[in-house]
Amino acid sequence: MKLKIHSSKFCFTFLVLLVFSGSAIAKDNLPKFSKNKKGSLYFYFGYNRALFSKSDIHFSGPNYDFTLYDLEASDRPVAFGASYANPRTFSVPQYNYRLGYFFTNRFSLSFGMDHMKYVVNKDQMTTISGVITPEASTTYAGTYLNQPIQMKEDLLQFEHTNGFNFLSLDAEYLQPIYATKNQVFSVLWNVGLGGVFMITKTDVRVMGDGLDNRFHLSGYSLAGKTGPRFEFYNRFFISGEIKGGYASLPSVLIKNSAPERADHNLSFLEYYMVAGVNFRIGNGAKSK
(Lines give C-alpha, C1' and ligand atoms only; values in the text may rest on other atoms or scores of the structure.)
Protein backbone atom coordinates (compact mmCIF):
# COMPACT_ATOMS: atom_id res chain seq x y z
CA MET A 1 0.00 0.00 0.00
CA LYS A 2 1.43 3.36 -1.04
CA LEU A 3 0.87 6.19 1.44
CA LYS A 4 1.41 9.84 0.56
CA ILE A 5 0.24 13.26 1.62
CA HIS A 6 0.40 16.75 0.20
CA SER A 7 1.65 19.51 2.49
CA SER A 8 -1.61 21.48 2.24
CA LYS A 9 -3.76 18.45 3.11
CA PHE A 10 -1.42 17.58 5.97
CA CYS A 11 -1.58 21.08 7.45
CA PHE A 12 -5.38 21.16 7.27
CA THR A 13 -5.77 17.71 8.83
CA PHE A 14 -3.42 18.42 11.68
CA LEU A 15 -4.94 21.84 12.34
CA VAL A 16 -8.33 20.14 12.81
CA LEU A 17 -6.76 17.69 15.27
CA LEU A 18 -5.15 20.43 17.32
CA VAL A 19 -8.38 22.44 17.43
CA PHE A 20 -10.23 19.35 18.65
CA SER A 21 -7.56 18.71 21.28
CA GLY A 22 -7.68 22.30 22.45
CA SER A 23 -11.44 22.21 22.89
CA ALA A 24 -11.16 18.94 24.83
CA ILE A 25 -8.66 20.23 27.39
CA ALA A 26 -10.38 23.61 27.77
CA LYS A 27 -13.40 22.19 29.62
CA ASP A 28 -13.69 23.09 33.30
CA ASN A 29 -15.74 20.12 34.48
CA LEU A 30 -13.28 17.35 33.67
CA PRO A 31 -12.15 15.12 36.55
CA LYS A 32 -8.87 15.74 38.33
CA PHE A 33 -6.25 13.15 39.08
CA SER A 34 -7.05 11.36 42.31
CA LYS A 35 -3.38 10.49 42.55
CA ASN A 36 -0.41 12.77 42.07
CA LYS A 37 1.81 12.62 38.98
CA LYS A 38 4.20 15.38 39.95
CA GLY A 39 7.72 14.02 40.30
CA SER A 40 6.95 10.76 38.45
CA LEU A 41 8.43 9.25 35.29
CA TYR A 42 6.84 7.37 32.44
CA PHE A 43 8.29 5.17 29.70
CA TYR A 44 6.63 3.72 26.62
CA PHE A 45 7.47 1.65 23.57
CA GLY A 46 5.39 0.89 20.49
CA TYR A 47 5.13 0.90 16.71
CA ASN A 48 4.18 3.40 14.01
CA ARG A 49 3.08 3.96 10.44
CA ALA A 50 3.99 7.13 8.55
CA LEU A 51 2.85 9.17 5.57
CA PHE A 52 5.02 11.67 3.72
CA SER A 53 4.45 14.71 1.57
CA LYS A 54 5.99 15.02 -1.87
CA SER A 55 9.55 16.26 -1.75
CA ASP A 56 12.07 17.94 -4.06
CA ILE A 57 15.43 16.20 -3.60
CA HIS A 58 18.60 17.99 -4.66
CA PHE A 59 21.75 15.99 -5.44
CA SER A 60 25.21 17.54 -5.75
CA GLY A 61 28.66 16.14 -6.42
CA PRO A 62 31.76 16.65 -8.56
CA ASN A 63 30.03 15.24 -11.66
CA TYR A 64 26.40 16.26 -11.18
CA ASP A 65 24.13 18.90 -9.70
CA PHE A 66 20.43 18.30 -10.24
CA THR A 67 17.02 18.24 -8.56
CA LEU A 68 14.17 15.77 -8.88
CA TYR A 69 10.81 17.39 -8.10
CA ASP A 70 7.68 16.20 -6.28
CA LEU A 71 8.99 12.75 -5.48
CA GLU A 72 6.51 10.47 -3.72
CA ALA A 73 7.66 8.22 -0.90
CA SER A 74 6.19 5.55 1.39
CA ASP A 75 7.07 3.97 4.70
CA ARG A 76 8.17 0.32 4.91
CA PRO A 77 6.43 -1.53 7.75
CA VAL A 78 7.31 -5.09 8.70
CA ALA A 79 4.37 -7.48 8.47
CA PHE A 80 3.02 -8.26 11.93
CA GLY A 81 4.46 -11.53 13.20
CA ALA A 82 7.12 -13.15 15.35
CA SER A 83 9.69 -10.39 14.67
CA TYR A 84 7.73 -8.05 16.95
CA ALA A 85 8.16 -10.39 19.94
CA ASN A 86 11.71 -11.58 19.20
CA PRO A 87 14.29 -9.71 21.35
CA ARG A 88 16.73 -9.84 18.43
CA THR A 89 14.38 -8.33 15.84
CA PHE A 90 11.78 -6.25 17.74
CA SER A 91 13.59 -3.04 16.72
CA VAL A 92 13.49 -3.86 12.98
CA PRO A 93 9.91 -2.54 12.48
CA GLN A 94 9.04 1.16 12.71
CA TYR A 95 9.12 1.82 16.44
CA ASN A 96 8.75 4.61 19.03
CA TYR A 97 10.13 4.97 22.54
CA ARG A 98 9.96 7.86 25.04
CA LEU A 99 10.93 8.68 28.63
CA GLY A 100 9.10 11.54 30.33
CA TYR A 101 9.11 13.40 33.65
CA PHE A 102 6.13 15.21 35.21
CA PHE A 103 7.10 18.62 36.59
CA THR A 104 3.49 19.21 37.64
CA ASN A 105 0.38 17.02 37.70
CA ARG A 106 -0.28 17.94 34.06
CA PHE A 107 2.91 19.12 32.40
CA SER A 108 5.81 16.87 31.49
CA LEU A 109 9.03 17.02 29.53
CA SER A 110 10.02 13.94 27.56
CA PHE A 111 12.78 12.69 25.29
CA GLY A 112 12.54 9.87 22.78
CA MET A 113 12.90 8.67 19.23
CA ASP A 114 10.49 7.88 16.42
CA HIS A 115 12.11 5.38 14.06
CA MET A 116 10.32 5.77 10.74
CA LYS A 117 11.29 4.50 7.32
CA TYR A 118 11.23 6.66 4.18
CA VAL A 119 11.41 5.03 0.74
CA VAL A 120 11.16 6.94 -2.54
CA ASN A 121 8.70 5.04 -4.76
CA LYS A 122 10.27 3.35 -7.77
CA ASP A 123 9.43 3.99 -11.45
CA GLN A 124 7.41 7.15 -10.77
CA MET A 125 7.34 10.02 -13.23
CA THR A 126 9.07 13.16 -12.03
CA THR A 127 10.69 16.35 -13.35
CA ILE A 128 14.41 17.09 -13.45
CA SER A 129 16.48 20.27 -13.59
CA GLY A 130 20.28 20.53 -13.48
CA VAL A 131 23.43 19.10 -14.99
CA ILE A 132 24.76 15.54 -15.26
CA THR A 133 28.19 15.01 -16.83
CA PRO A 134 29.24 11.94 -18.89
CA GLU A 135 31.62 11.01 -16.03
CA ALA A 136 28.56 10.45 -13.84
CA SER A 137 26.44 8.68 -16.46
CA THR A 138 26.55 8.33 -20.23
CA THR A 139 22.87 7.40 -20.16
CA TYR A 140 21.66 10.53 -18.34
CA ALA A 141 24.37 13.04 -19.30
CA GLY A 142 22.96 16.40 -20.26
CA THR A 143 21.53 19.72 -19.11
CA TYR A 144 17.91 19.67 -17.94
CA LEU A 145 15.31 22.33 -17.23
CA ASN A 146 12.00 21.05 -15.85
CA GLN A 147 12.05 18.03 -18.13
CA PRO A 148 9.90 14.96 -17.41
CA ILE A 149 11.80 11.79 -16.57
CA GLN A 150 11.01 8.37 -15.14
CA MET A 151 12.80 7.53 -11.94
CA LYS A 152 14.22 4.14 -12.91
CA GLU A 153 16.61 2.26 -10.64
CA ASP A 154 19.62 3.17 -12.80
CA LEU A 155 18.81 6.84 -12.14
CA LEU A 156 18.01 6.78 -8.43
CA GLN A 157 17.41 4.48 -5.50
CA PHE A 158 16.84 6.45 -2.30
CA GLU A 159 15.64 5.44 1.16
CA HIS A 160 16.07 6.37 4.80
CA THR A 161 15.23 2.92 6.10
CA ASN A 162 17.45 2.51 9.11
CA GLY A 163 16.09 4.99 9.21
CA PHE A 164 14.23 8.31 9.23
CA ASN A 165 14.95 8.85 12.93
CA PHE A 166 13.31 11.75 14.76
CA LEU A 167 14.98 12.50 18.14
CA SER A 168 12.79 14.97 19.98
CA LEU A 169 12.50 16.83 23.25
CA ASP A 170 8.77 17.39 23.83
CA ALA A 171 6.71 19.57 26.15
CA GLU A 172 3.43 17.77 26.91
CA TYR A 173 0.12 18.43 28.66
CA LEU A 174 -1.93 15.46 29.93
CA GLN A 175 -5.60 16.19 30.63
CA PRO A 176 -7.85 13.70 32.49
CA ILE A 177 -11.21 13.02 30.85
CA TYR A 178 -12.69 10.13 32.83
CA ALA A 179 -11.69 8.08 35.89
CA THR A 180 -13.31 5.26 37.85
CA LYS A 181 -13.19 5.15 41.64
CA ASN A 182 -9.61 4.96 42.94
CA GLN A 183 -8.43 5.40 39.35
CA VAL A 184 -8.58 1.72 38.51
CA PHE A 185 -9.22 2.85 34.95
CA SER A 186 -8.64 6.34 33.56
CA VAL A 187 -8.97 8.05 30.19
CA LEU A 188 -6.69 11.01 29.52
CA TRP A 189 -5.82 13.17 26.52
CA ASN A 190 -2.26 14.15 25.67
CA VAL A 191 -1.09 17.14 23.62
CA GLY A 192 2.55 17.87 22.90
CA LEU A 193 4.97 19.93 20.84
CA GLY A 194 8.65 19.30 20.29
CA GLY A 195 11.55 18.56 18.04
CA VAL A 196 15.29 18.57 17.71
CA PHE A 197 17.30 16.41 15.33
CA MET A 198 16.77 14.14 12.34
CA ILE A 199 19.34 11.35 12.23
CA THR A 200 19.19 9.33 9.03
CA LYS A 201 20.87 6.21 7.77
CA THR A 202 20.43 6.55 4.04
CA ASP A 203 20.79 3.75 1.50
CA VAL A 204 21.18 5.57 -1.82
CA ARG A 205 22.40 4.98 -5.38
CA VAL A 206 22.66 7.98 -7.70
CA MET A 207 23.12 6.60 -11.21
CA GLY A 208 24.54 3.46 -9.62
CA ASP A 209 26.98 5.29 -7.33
CA GLY A 210 26.42 5.36 -3.57
CA LEU A 211 26.11 3.04 -0.58
CA ASP A 212 24.29 2.26 2.64
CA ASN A 213 25.65 5.18 4.65
CA ARG A 214 26.45 5.50 8.33
CA PHE A 215 24.11 7.18 10.82
CA HIS A 216 24.31 10.92 10.30
CA LEU A 217 22.85 14.11 11.75
CA SER A 218 21.06 15.25 8.59
CA GLY A 219 18.89 18.09 9.86
CA TYR A 220 16.14 19.04 12.24
CA SER A 221 12.38 18.74 12.67
CA LEU A 222 9.47 20.22 14.59
CA ALA A 223 6.27 18.28 15.31
CA GLY A 224 3.03 18.38 17.26
CA LYS A 225 1.09 15.39 18.58
CA THR A 226 -2.24 14.56 20.15
CA GLY A 227 -4.15 11.49 21.25
CA PRO A 228 -5.78 9.49 24.06
CA ARG A 229 -4.12 7.57 26.88
CA PHE A 230 -5.84 4.73 28.74
CA GLU A 231 -4.39 4.07 32.20
CA PHE A 232 -4.87 1.14 34.56
CA TYR A 233 -4.32 1.53 38.32
CA ASN A 234 -2.45 4.77 37.57
CA ARG A 235 0.52 2.61 36.61
CA PHE A 236 0.16 0.92 33.22
CA PHE A 237 -1.16 2.54 30.06
CA ILE A 238 -1.72 2.19 26.34
CA SER A 239 -1.82 5.21 24.07
CA GLY A 240 -2.59 6.01 20.46
CA GLU A 241 -1.39 9.31 19.03
CA ILE A 242 -1.13 11.18 15.76
CA LYS A 243 1.96 13.29 15.16
CA GLY A 244 2.51 15.75 12.36
CA GLY A 245 5.73 17.59 11.59
CA TYR A 246 8.09 19.23 9.17
CA ALA A 247 11.66 18.04 8.59
CA SER A 248 14.50 19.92 6.95
CA LEU A 249 17.41 17.71 5.85
CA PRO A 250 20.21 19.87 4.38
CA SER A 251 22.95 17.24 4.78
CA VAL A 252 22.05 13.73 3.58
CA LEU A 253 25.00 11.43 2.90
CA ILE A 254 25.45 9.68 -0.44
CA LYS A 255 28.90 8.13 0.07
CA ASN A 256 29.69 8.78 3.73
CA SER A 257 32.60 11.28 3.84
CA ALA A 258 32.68 11.92 0.09
CA PRO A 259 31.69 15.40 -1.18
CA GLU A 260 28.46 14.08 -2.68
CA ARG A 261 25.40 15.20 -0.75
CA ALA A 262 21.61 15.29 -1.04
CA ASP A 263 19.14 17.65 0.64
CA HIS A 264 15.37 17.84 0.89
CA ASN A 265 12.48 19.09 3.04
CA LEU A 266 9.22 17.31 3.72
CA SER A 267 6.15 17.07 5.94
CA PHE A 268 5.17 13.85 7.66
CA LEU A 269 2.13 12.47 9.43
CA GLU A 270 2.71 9.59 11.83
CA TYR A 271 0.31 7.47 13.85
CA TYR A 272 1.36 4.99 16.49
CA MET A 273 0.28 2.72 19.32
CA VAL A 274 2.43 2.34 22.42
CA ALA A 275 2.34 0.58 25.79
CA GLY A 276 3.95 2.11 28.86
CA VAL A 277 4.37 2.31 32.59
CA ASN A 278 4.40 5.14 35.17
CA PHE A 279 7.10 5.19 37.88
CA ARG A 280 6.83 7.05 41.16
CA ILE A 281 10.07 8.66 42.29
CA GLY A 282 10.00 10.63 45.52
CA ASN A 283 6.94 11.83 47.39
CA GLY A 284 6.07 14.80 45.18
CA ALA A 285 3.25 17.14 46.08
CA LYS A 286 -0.39 16.38 46.50
CA SER A 287 -2.77 17.15 43.67
CA LYS A 288 -4.90 20.22 43.99
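This one's a predicted model, so the numbers in the text were calculated from it and none came from an experiment.

Caption draft 1: Broad picture of the nonpolar core. If you look at the biggest cluster of nonpolar residues, it comprises 35 residues, and the most contacted ones within it are Phe59, Leu156, Phe158 and Phe164. Membership of the second largest hydrophobic core comes to eight residues, among which are Tyr44, Leu174, Leu188 and Tyr272.

Caption draft 2: Just the pattern of salt bridges, in detail. Summed over the entire model, instances satisfying the criterion amount to 13 salt bridges. One salt bridge in this structure joins aspartate 209 and lysine 255, with 3.0 Å as the shortest N-O distance. Residue aspartate 209 is found in the loop between strand E10 (185-206) and strand E11 (216-232), and its partner lysine 255 is found in the loop between strand E12 (236-253) and strand E13 (261-280); the two are separated by 46 residues along the sequence. The class of aspartate 209 is partly exposed, set by a relative accessible area of 31%.

Caption draft 3: Molecular detail of a nonpolar patch on the surface. Together, Phe43, Leu99, Tyr101, Phe103, Leu109, Phe111, Leu169, Phe279 and Ile281 line one region of the surface with nonpolar side chains, adding up to about 800 Å² of accessible area. The set of elements that each furnish at least two residues to the nonpolar patch consists of strand E5 (95-102) and strand E6 (107-120). Tracing the backbone through its elements, the reader meets leucine 109 in strand E6.

Caption draft 4: Here's a closer look at the environment of asparagine 146. Turning to its location among the elements, asparagine 146 is positioned in strand E8 (residues 142-150). Separated by 20 residues in sequence, asparagine 146 and threonine 126 have C-alpha atoms that sit 9.2 Å apart.

Caption draft 5: Representation of unusual backbone geometry within the structure. For the bond from asparagine 162 to glycine 163, the omega torsion is 5°, close enough to zero to count as cis. Residue asparagine 146 is not a glycine yet carries a positive backbone phi of 55°. One non-glycine residue, methionine 207, lies in positive phi territory at about 55°. Topologically, methionine 207 is positioned in the loop between E10 and E11.

Caption draft 6: The arrangement of the pairing of strand E7 (residues 125-132) in detail. In this sheet, E7 lies alongside strand E3 (residues 64-71) in antiparallel orientation, the contact comprising six bridges. Within E7, the residue paired with tyrosine 64 across the bridge is isoleucine 132. In terms of strand pairing, E7 meets E8 through seven bridges, oriented antiparallel. Within the sheet, the bridge partner assigned to glycine 130 lies in E8 and is tyrosine 144.

Caption draft 7: View of the side chain of glutamine 124. Relative to the elements of secondary structure, glutamine 124 occurs in the loop between E6 and E7. A polar side-chain atom of glutamine 124 sits 2.8 Å from the main-chain carbonyl oxygen of asparagine 121. The contact partners of glutamine 124, leaving out residues within four places of it in the chain, are Asp70, Leu71, Glu72, Ile149, Gln150 and Met151.

What counts and what doesn't
Residues numbered from 1 in each chain as written. Predicted model: local features only at pLDDT ≥ 70, side-chain atom pairs only at ≥ 80, totals over all residues. Heavy atoms only, no water. Core = buried A, V, L, I, M, F, W, Y, C linked by side-chain atoms within 4.5 Å. Buried < 20%, exposed > 50% of the residue type's maximum accessible area, 1.4 Å probe, protein only. Salt bridge = Lys/Arg side-chain N within 4 Å of Asp/Glu carboxyl O. Helix = DSSP H or I, 4+ residues; strand = E, 2+ residues; numbered from the N terminus. Patch = residues over 30% accessible without salt bridge, like charges linked within 9 Å, V, L, I, M, F, W, Y side chains within 5 Å. Areas by Shrake-Rupley, 256 points an atom, 1.4 Å probe, with all protein chains shown as cover. Pairing = 2+ DSSP bridges. Polar contact = N/O pair within 3.5 Å; in protein donor to acceptor, adjacent residues only side chain to side chain. Contact = heavy atoms within 4.5 Å.

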